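# Per-entry structural report
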Amino acid sequence: MRENTTRSAVLPVAPSRGRLRPLGLDEVRITGGFWARRRQVNATATLDHCRDWMERVGWTGNFRAAVEGRIHRDRRGREFADSDVYKLIEAMAWEAGHGSGAALDAQIAAFTDTIAPAQEPDGYLNTAFGRPGQQPRYSDLEWGHELYCYGHLIQAGVAQTRARGEGELAKIARRAADHVCAAFGPGGIERVCGHPEIETALVELARATGEQRYLDQAALFVDRRGRHTLAEPEFGRAYYQDDVPVREATVLRGHAVRALYLAAGAVDVAVETGDDALLAAVVRQWEAAVARRTYLTGGMGSHHRDESFGDDFVLPPDRAYSETCAGVASVMLNWRLLLATGEPRYADLAERTLFNVVAASPSEDGRTFFYANTLHRRRRGTTPAADAQSPRAESGLRAPWFAVSCCPTNVARTLALLPAYLATADDDGVQLHQYADAELAISLAGGRDVALRVRTDYPSGGSVTVRIDRSPERPWTLSLRVPAWATGTDARLVDPDGVRRAVTPGTAAVTRRFRPGDEIRLELPVAPRWITPDPRIDAVRGTAAVQRGPLVYCAESVDLPPGHEVDAVRVNPAVPPQDGLDGTVVASGALVTVPDAPPAAESDRPGRSADSAAATGTDAAAGTDAAAGTDAAAGTDAAAGTDADGDGQAGPDADTRWPYAPLDEAAVPAGERADIVLVPYHSWANRGPSTMRVWLPTTRPPTEPPGR
């Protein structure tokens with residue numbers, strides 16, 4: 001790894017070494033296009049929305065209640081509610097770091113004035129533990145989230161320091177970190193938190209302050225993980241990655257957000273300590289999880305009951321949990337791996353996840369959110385109340401707030417710091433990893449100043465033009481990522497002399513003595529194409545999906561003729577999908593109807609007594625995936641006739657027929673040819689209640705081999 005000697009002050013992640021150097025928010029500015037629109041909504045709507053809701057539901061007020069001695073009776077929210085206040089502050093700090101932060105500075109100061117009096121003299125700060133009438137400090141490390149909350153406090157303090165200069169919040173965070181080192185350092189409490197997060201925060205604080213003890217403590221937490229310091233939960237120790245040490249693990253497992261946060265922290269520790277073996281262990285886990293436990297969208301986590309990864313190839317679309325926070329954590333991990341190794345595959349997965357998980361969570365107005373991101377919605381959801389927090393993560397429509405609202409604030413901080421994910425530098429030049437209209441002003445090693453502008457209609461179009469505005473006299477290299485999805489396409493790179501050359505997935509580079517006004521153009525043929533799943537993914541065998549560039553598409557019932565839902569859709573993968581109007585894709589297929597099935601023979605019918613499986617609602621009768629840890633009582637979409645929306649109504653197709661028949665008597669669906677309109681997955685459910693499906697049954701077996 002190379003030493004990073006030239007760096008911005010406004011860096012969300014600032015490793016001291018690595019293959020690539022990150023660029024700060026003062027070096028990269030997104031100026032238009034897909035991400036500019038979402039960042040504008042985040043800055044003007046989502047931040048205020050989150051602040052108002054946290055005040056309304058009492059999470060901000062918990063700090064006041066702690067100071068006033070009434071916290072034992074008046075505390076509101078879950079044990080980790082403090083962390084969402086901190087994540088919002090972090091988002092505000094990064095947003096302020098873009099240069100127009102006076103109003104946000106005032107809001108951060110108001111939050112700080114509320115938080116500061118609640119900190120104990122020894123640095124302890126938590127509203128759920130440690131005061132009269134509450135459980136003692138660190139008495140529930142499995143589920144208490146105390147160290148997790150510190151992690152988000154520390155990250156908020158680092159954000160304030162780097163974006164606006166050290167303020168009182170940063171001092172609060174540092175006192176808390178000092179307390180953690182004293183309480184959990186050598187000779188202290190030799191355990192870990194049930195929810196990793198503190199690790200990456202302590203490393204970033206060490207980078208910001210130069211204090212070795214913070215890095216040492218982060219390394220200690222990583223090394224303690226997997227040594228059974230936590231009580232075994234009902235889900236098994238893998239749930240919080242306490243089953244095997246990080247260095248010995250072979251795949252990401254357990255609770256998806258926990259696993260990804262831990263992996264990100266382990267990469268940070270490995271980079272700062274030069275621990276190549278630890279870095280290799282995380283890469284090994286990443287490779288296995290991406291190959292066998294990741295959805296087409298980049299989403300991770302197929303268990304609802306424990307928000308966890310499933311076993312290899314257990315990726316049911318209708319039970320995709322794919323938590324938004326797991327998407328955020330995946331982007332965090334991929335960014336760290338990219339900086340450490342320089343390998344474009346990490347930028348590929350970050351792109352897929354940003355467009356199809358992170359961008360899918362917030363509504364177009366930035367005031368409602370998906371917590372979980374299913375790939376198949378069987379029944380139309382009910383609109384959540386605008387003035388009440390939703391108790392359900394797997395709602396059919398975006399909700400304004402949740403009883404567990406980790407996702408809205410995580411989206412907010414990700415969009416606030418997003419420009420930092422676009423590009424990097426090294427001693428040789430500049431690398432572009434994500435594409436958006438942007439302006440970059442960079443100082444390379446040796447004081448060589450580079451300025452460039454990116455213009456693109458990506459992801460709707462595939463032309464990316466880079467114009468050089470300022471360049472040193474010496475040659476340098478401009479590198480552009482050619483996405484993995486461009487496999488088999490006619491991708492081209494056009495240099496300033498107009499010479500076009502074919503490029504393949506990976507990196508395309510131009511090295512020369514650039515002049516102001518020079519332009520380099522990457523041409524990516526963005527066209528819809530069929531994707532077929534690995535046959536080992538049982539749940540989607542016999543289906544196909546459409547991807548266009550980095551965007552995954554879906555069928556949504558609002559685009560079907562009246563009376564049809566997405567389960568009527570069949571597609572013909574022998575006919576290439578075509579671009580439609582306004583960013584849609586049109587697939588050739590059919591809409592089928594299933595005639596009434598003949599009555600099953602009496603001997604084939606199950607018993608209908610009160611003690612039968614159907615009456616008792618067992619997994620077998622409800623159609624849940626017991627192996628994946630799902631539960632009929634949890635409101636599974638897949639359960640036949642269940643009430644997934646909590647509206648007291650069974651599904652519209654619920655009946656009393658036995659759903660199986662002899663093959664020679666099986667009803668053959670009758671269908672009529674239809675053009676099926678598909679929309680970007682990230683945009684679904686913005687037009688009211690609907691059913692939705694990503695993986696579409698085919699009218700004939702797909703002929704295309706599995707794609708990525």
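Analysis parameters
Residues numbered from 1 in each chain as written. Predicted model: local features only at pLDDT ≥ 70, side-chain atom pairs only at ≥ 80, totals over all residues. Heavy atoms only, no water. Pairing = 2+ DSSP bridges. Helix = DSSP H or I, 4+ residues; strand = E, 2+ residues; numbered from the N terminus. Axes fitted to C-alpha atoms, helices over the stretch in contact; angles between N-to-C directions. Contact = heavy atoms within 4.5 Å. Expected span 1.5 Å × (residues − 1). Buried < 20%, exposed > 50% of the residue type's maximum accessible area, 1.4 Å probe, protein only. Parallel < 35°, antiparallel > 145°, perpendicular 65-115°, else oblique. Left-handed = near helix turned anticlockwise from the far one by under 90°. Nonpolar A, V, L, I, M, F, W, Y, C, P; charged D, E, K, R; others polar. Core = buried A, V, L, I, M, F, W, Y, C linked by side-chain atoms within 4.5 Å.

## Description of the sheet that holds strand β8 (residues 437–444)
Strand order in the open sheet formed by seven strands is β4-β8-β9-β10-β15-β12-β13, with antiparallel pairing between adjacent strands. Each edge of the open sheet is held by one strand with a lone partner, namely β4 (28–32) and β13 (500–502). Strand after strand, the sheet turns through a mean of 20 degrees between neighbouring axes, direction not considered. Pairing of strand β12 (residues 492–494) with β13 involves three bridges; the strand directions are antiparallel. Looking at β13, one finds that Arg 492 is bridged to Ala 502.

## Examining the sheet that holds strand β14 (residues 506–512)
Strand order in the open sheet formed by five strands is β3-β6-β7-β11-β14, and the pairing between neighbours is mixed. Of all strands in the sheet, those with a lone pairing partner are β3 (21–22) and β14, marking the two edges. Bridge analysis of strand β7 (residues 429–432) against strand β11 (residues 476–482) gives four bridges, and the strand direction is parallel. Its bridge partner lying in β11, Leu 432 is registered against Leu 480. Against the sheet, helix α13 (residues 344–358) contacts β11 and β14, and its axis sits at roughly 50 degrees relative to β11.

## Considerations on helix α4 (residues 81–96)
Three or four residues apart is the spacing at which side chains of an α-helix point the same way, because the helix has 3.6 residues per turn. The end-to-end C-alpha distance of α4 is 23 Å, a good match for the 22 Å that 16 residues give at a rise of 1.5 Å each. Most of α4 sits inside the fold, with 16 of its 16 residues counted as buried.

## Here we look at the packing of helix α1 (residues 34–56) against helix α14 (residues 406–417)
Running from amino to carboxyl end, α1 crosses α14 at an angle of 140 degrees, the nearest separation of the two axes being 9 Å. Judged by the inter-axis angle, α1 sits oblique to α14. Crossing of α1 against α14: the hand is left-handed. Residues Trp 35, Arg 38, Arg 39, Asn 42, Thr 46, Leu 47, Cys 50 and Met 54 of α1 touch α14, and the partners they reach there are Pro 408, Thr 409, Val 411, Ala 412, Leu 415 and Ala 416. Considered class by class, the residues forming the contact of α1 with α14 number nine nonpolar, three polar and two charged.

## Some thoughts on the nonpolar core
Formed by 191 residues in total, the largest nonpolar core has its most connected members in Trp 35, Leu 440, Leu 452 and Leu 478. With residues near it in sequence (within four places) discarded, Leu 440 still touches Leu 23, Glu 27, Val 28, Ala 423, Leu 432, Val 450, Ala 451, Leu 452 and Val 454. Ala 320, Ile 537, Val 552 and Trp 695 belong to the second-largest nonpolar core, a separate cluster that totals 22 residues.

## Topic: the side chain of His 152
With respect to the helices and strands, the residue His 152 is situated in helix α6 (residues 146–164). The residues contacting His 152, other than those within four sequence positions of it, are Ser 83, Tyr 86, Lys 87, Glu 197, Tyr 261 and Arg 413.

## Topic: the packing of helix α7 (residues 168–184) against helix α9 (residues 212–224)
Where α7 meets α9, the axes come as close as 10 Å, and the angle between the chain directions of the two elements is 50 degrees. With respect to α9, the axis of α7 lies oblique. Where α7 crosses over α9, the two elements pack in a sense that is left-handed. Residues Arg 174, Ala 177, Asp 178, Val 180, Cys 181 and Phe 184 of α7 form the contact with α9, whose participating residues are Arg 213, Tyr 214, Gln 217, Leu 220, Phe 221 and Arg 224. Residue classes in the contact of α7 with α9 are distributed as seven nonpolar, one polar and four charged.

## A few points about α7
Along its 17 residues, α7 runs 24 Å from first to last C-alpha, staying within 8% of the 24 Å computed at 1.5 Å per residue. In this fold, the buried residues of α7 make contact with α4, α5 (102–115), α6, α8 (198–209) and α9.

## Describing unusual backbone geometry
Put simply, Tyr 458 and Pro 459 share a cis peptide bond, and its omega is 10 degrees. Looking at the secondary structure, you find Pro 459 in the loop between β9 (448–456) and β10 (463–470). Unlike most non-glycine residues, Phe 313 shows phi in positive territory, near 65 degrees. Mapped onto the elements, Phe 313 comes out in the loop between α11 (276–292) and α12 (324–341). Even without glycine at this site, Asp 582 takes up a positive phi of about 55 degrees. Given a relative accessible area of 81%, Asp 582 falls into the exposed group.

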